[in-house]
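Chain by chain, the residues run as shown.
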Amino acid sequence: QPSHILTVGTGVDGTKQRCGSTVSFHNIQYKVQQQSGFLCKRKILSKEILVDLNGIMRPGLNAILGPTGNVVMGTLTVRENLRFSAALRLHVSVPQVEKEARVNHLIKELGLTEVADSKVGTQMTRGISGGERKRTNIGMELIIDPAVLFLDEPTTGLDASTANSVLLLLKRMASHGRTIIMSIHQPRYSIYRLFDTLTLLVGGKMVYHGPAPNALEYFANIGYACEAHNNPADFFLDVINGDFTATAMTKVNTDDLDFKELSSSRQSIEERLVDEYRNSGYSSNTRAELERIVKDKRCGSLPKSRTITYNSSFFHQLRWVLHRTFQNLMLNPQTSVAQLGVNVFLALIVGAIFFGVKDDQSGIQNRMGALFFITTNQCFSTVSAAELFITERKLFVHEYISGYYRVSVYFLSKILSDIALRTVTSVIFSCVVYFLIGLKSTAEAFFVFMLTVTLVAYTATAMTMAISADQSVVALANILMTITFVFMMIFSGLLVNLPSTKDWLAWLKYFSIPRYGLAALKINEFVGLRFCEEVVIRNSNICTGEQYLEYLGIDYTCWGLWENHVALTVMMIIFLIIAYLKLRFIKKFT
């Protein structure tokens, strides 16, 4: 467990006299467990990511060289994204008029007036520019007017001019007393000179933490001088990454070059940089101030780690998240219109192949083939549900830890939106295919058919969610689901005569979704049908639907029909519980 204290208190920047919040971090350590080797020779190794980090972030622009990221809902407009943030992150007691006024103020302040009602854009649809997207993302955080703002790589993917405008915006906000802490990778000099403080890490250890304008002088004093026309940010990365040519050749006194140092390991350079900083005045001053902060905080109770609070109720969150989910669904044609079109197309194909099924011996085979295809199609068509949690994983984690909504709200909104889509597609599919094939012509049989087809789609979707909830790659999730559905299809009751299955394999049929769906459809269709003209039952033919169901070992009573529906419902609930637990597990360890 990492030992750390993170405090946020009121402080003053002595040089610029700006009041605001000061963030201090104490003894930050983080380790991960990694596995190596195979089976019995597998070893678990501990890797240090962060090692004994201490520092202070005062009001201003505080830069850390780090990784990339940005997340925002692309199918919504700039204004809709800001409204969503305001609705869920501002307290419910704040009037709607005030929320709207804050949204309009941010749009104006961030220079987004001209694109306020334009969609942000996705991979499939064109939207606003990269810089405008970054500013929208920043605006969603500024909606609650935070004293401290954390940004993860706000300039990634932007051209030099756009990146500079974004940083000038952040600098303007920092000049009003806001503490901005951000990670950034190799900024140009015009951006670097805007930083107030700079933090450099190598191997998870701190090698500099202090005023950004003093960083070049500090490195020059320990033997690493930056050339006159070199970008300081690039120079620092060369030093901490052990670029021997860039570091050794820029010594203050080139006559004293130690050629043994040119062949020294990167590890020795890291150790030297860490030791130099540990013995520097910046480190000692930081430790002294941190000790004072800890002493002042002794009497106070420390907050629980990773505690997330919400400013709105469960149902308020559900209303807004559900509205956004449905809106995103409708604005994504590949997930709504395309699925509907594919289902209608398949219904027409199946209806054409099995058109006008007859009540004779061929009708038994054709009915079985049609019902088997319908059940299997309902299972495999739900593979698209795998993208529900995978494609929005980063967005979900970001919004959850930012206090937008509860995990249960996000999960329930996804379930309800997907159920709506599955219901519409299943009903339309049933209406087309049922009458084209010419199945039993009674209202009761039709509605039971529609209910069964819809229930199979629900259960298969729940299983897809349970499999994909903890996956990060859609392709891998699709492979796992395909394999699972193939095994279920084998034990559905058509390819294998289930009563003749060996005992040590027979138990697999109880985990087959198509088996329950196909059995219910067969009971609904075959009961009451006759396939022979003579009343006398021939030895070579099956003349009634009941005889055929007995041959298959299916209980064709009323309870037998609803028993399969109950089994599908129970499986659906179990799969949904598994998916929900996996989602909670992901948010806990992400």
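All figures in this text were calculated on a predicted structure; none of them were measured in a lab. (Residues numbered from 1 in each chain as written. Predicted model: local features only at pLDDT ≥ 70, side-chain atom pairs only at ≥ 80, totals over all residues. Heavy atoms only, no water.)

Once that is clear, we can look at the UniProt feature "transmembrane region" (unreviewed entry) in the chain. What UniProt calls "transmembrane region" (unreviewed entry) maps, in this numbering, to residues 337-357, 419-439, 445-466, 473-496 and 565-583. Along residues 565-583 one finds 100% helix and 0% strand; the C-alpha atoms at either end are 27 Å apart. (UniProt positions renumbered as here; feature names shortened; annotations may be inferred. Helix = DSSP H or I, 4+ residues; strand = E, 2+ residues; numbered from the N terminus.)

Considering the arrangement of structural elements, one finds Ala457 in helix H18 (residues 443-468). Note on Ala457: relative accessible area 2%, which makes it buried. Note: C-alpha distance between Ala457 and Gln378 (79 residues apart in sequence) is 5.3 Å. Apart from the residues lying within four places of it in its own chain, the contact partners of Ala457 are Gln378, Thr382 and Ser426. (Buried < 20%, exposed > 50% of the residue type's maximum accessible area, 1.4 Å probe, protein only. Contact = heavy atoms within 4.5 Å.)

A word on the packing of aromatic side chains. Evaluation of the coordinates by the stated rule reveals 29 aromatic pairs. Considering the side-chain rings of Phe389 and Tyr410, the 6.3 Å spacing of their centres and the 45 degrees angle between planes classify their relative orientation as tilted. With Phe389 in helix H15 (residues 387-390) and Tyr410 in helix H17 (residues 407-437), this pair connects stretches of sequence that are 21 residues apart. The interplanar angle of 75 degrees and the centroid separation of 5.2 Å between the aromatic rings of Tyr434 and Phe446 together place this pair among those described as edge-to-face. Of this pair, Tyr434 sits in helix H17 while Phe446 sits in helix H18, placing them twelve residues apart in sequence. (Phe/Tyr/Trp six-rings, centres within 6.5 Å; stacked < 30°, edge-to-face > 60°.)

With that out of the way, let us pick up the packing of helix H1 (residues 78-89) against helix H2 (residues 96-109). Closest axis-to-axis distance for the H1/H2 pair is 10 Å, and the angle between their directions is 135 degrees. In terms of axis orientation, H1 runs oblique to H2. The crossing of H1 and H2 is right-handed. Residues Arg79, Leu82, Arg83, Ala86 and Ala87 of H1 form the contact with H2, whose participating residues are Lys99, Glu100, Val103, Asn104 and Ile107. Its residues placed into classes, the contact of H1 with H2 shows five nonpolar, one polar and four charged. (Axes fitted to C-alpha atoms, helices over the stretch in contact; angles between N-to-C directions. Parallel < 35°, antiparallel > 145°, perpendicular 65-115°, else oblique. Left-handed = near helix turned anticlockwise from the far one by under 90°. Nonpolar A, V, L, I, M, F, W, Y, C, P; charged D, E, K, R; others polar.)

With glycine set apart, most residues show a phi of negative sign, and most peptide bonds adopt trans. The residue Asp52 is not glycine, and still its phi comes out positive at about 45 degrees. Phi at Asp145 is positive, roughly 50 degrees, even though this residue is not glycine. Its location among the elements puts Asp145 in the loop between helix H3 (130-142) and strand E5 (148-152).

Of all six residues in strand E6 (residues 179-184), six are buried; the element is thus mostly enclosed. Side chains Thr179, Ile181 and Ser183 of E6 all project onto a buried face; the interleaved residues Ile180, Met182 and Ile184 project onto the opposite face, where all are buried too. In this structure, E5 lies alongside E6, joined through five bridges in parallel fashion. Bridge pairing in E6 links Leu151 to Met182. (Pairing = 2+ DSSP bridges.)

Further remarks concern helix H19 (residues 474-490). Taking 1.5 Å per residue as the helical rise, H19 with its 17 residues ought to reach 24 Å, and the 25 Å between its terminal C-alpha atoms agrees with that figure. Residues of H19 that are buried make contact with helix H14 (361-380), H15, H18 and helix H21 (513-526). (Expected span 1.5 Å × (residues − 1).)

Structurally, Ser312 can be placed in the loop between helix H11 (281-297) and helix H12 (314-330). Among the residues examined, Ser312 registers a relative accessible area of 6% and is labelled buried. Apart from the residues lying within four places of it in its own chain, the contact partners of Ser312 are Leu88, Val92, Gln317 and Arg406.

The next subject is the nonpolar core. Counting 112 residues, the largest nonpolar core has Phe195 and Phe219 as the members making the most contacts within it. Of the residues forming this core, the biggest block, nine residues, is contributed by H18. Ignoring sequence-local partners within four residues, the contact set of Phe219 consists of Leu200, Tyr208, Tyr224, Ala225, Phe235, Phe236, Val239 and Leu273. Counting 35 residues, the second-largest nonpolar core is a separate cluster that includes Val453, Ala520, Phe526 and Leu552. (Core = buried A, V, L, I, M, F, W, Y, C linked by side-chain atoms within 4.5 Å.)

Inspection of the secondary structure puts Thr557 in the loop between helix H22 (545-551) and helix H23 (558-589). By relative accessible area, which is 38% here, Thr557 ends up partly exposed.

One way to put it is that H18 packs onto H21 with a least axis distance of 10 Å and a crossing angle of 180 degrees. Taken together, H18 and H21 sit at an angle that is classed as roughly antiparallel. Of the residues in H21, those in contact with Ala445, Val448, Phe449, Thr452, Val453, Val456, Thr459, Ala460 and Met463 of H18 are Ile513, Gly517, Ala520, Leu521 and Asn524. Per-class residue counts for the contact of H18 with H21 are ten nonpolar, four polar and no charged.

This part is about the environment of Ser93. Looking at the secondary structure, you find Ser93 in the loop between H1 and H2. Spatially, the C-alpha atoms of Ser93 and Ser312 are 9.0 Å apart, while their sequence positions differ by 219 residues.

Next up on the list: the side chain of Ser280. Note on placement: Ser280 falls in the loop between helix H10 (266-278) and H11. Looking at Ser280, the relative accessible area reads 11%, which means it is buried.

Enumeration over the complete set of coordinates arrives at 16 salt bridges. A salt bridge links Glu141 to Arg89, with the shortest nitrogen-to-oxygen separation between them at 3.2 Å. Here the residue Glu141 occupies a position in helix H3, and Arg89 occupies one in helix H1, the gap between them amounting to 52 residues. Across this residue pair, the class does not change: Glu141 and Arg89 are buried. Note that Asp359 is salt-bridged to Arg367, the shortest N-O span being 2.7 Å. On the accessibility criterion, Asp359 (46% relative accessible area) is partly exposed. Among the ionic contacts, a cluster of salt bridges with common partners joins Arg58, Glu289 and Arg292. (Salt bridge = Lys/Arg side-chain N within 4 Å of Asp/Glu carboxyl O.)

A separate point is a nonpolar patch on the surface. Together, Leu451, Trp559, Trp562, Val566, Val570, Ile574 and Ile578 line one region of the surface with nonpolar side chains, adding up to about 630 Å² of accessible area. Top contributing element to the nonpolar patch by residue count: H23, with six residues. Among the structural elements, Leu451 can be located in helix H18. The class of Leu451 is partly exposed, set by a relative accessible area of 39%. (Patch = residues over 30% accessible without salt bridge, like charges linked within 9 Å, V, L, I, M, F, W, Y side chains within 5 Å. Areas by Shrake-Rupley, 256 points an atom, 1.4 Å probe, with all protein chains shown as cover.)

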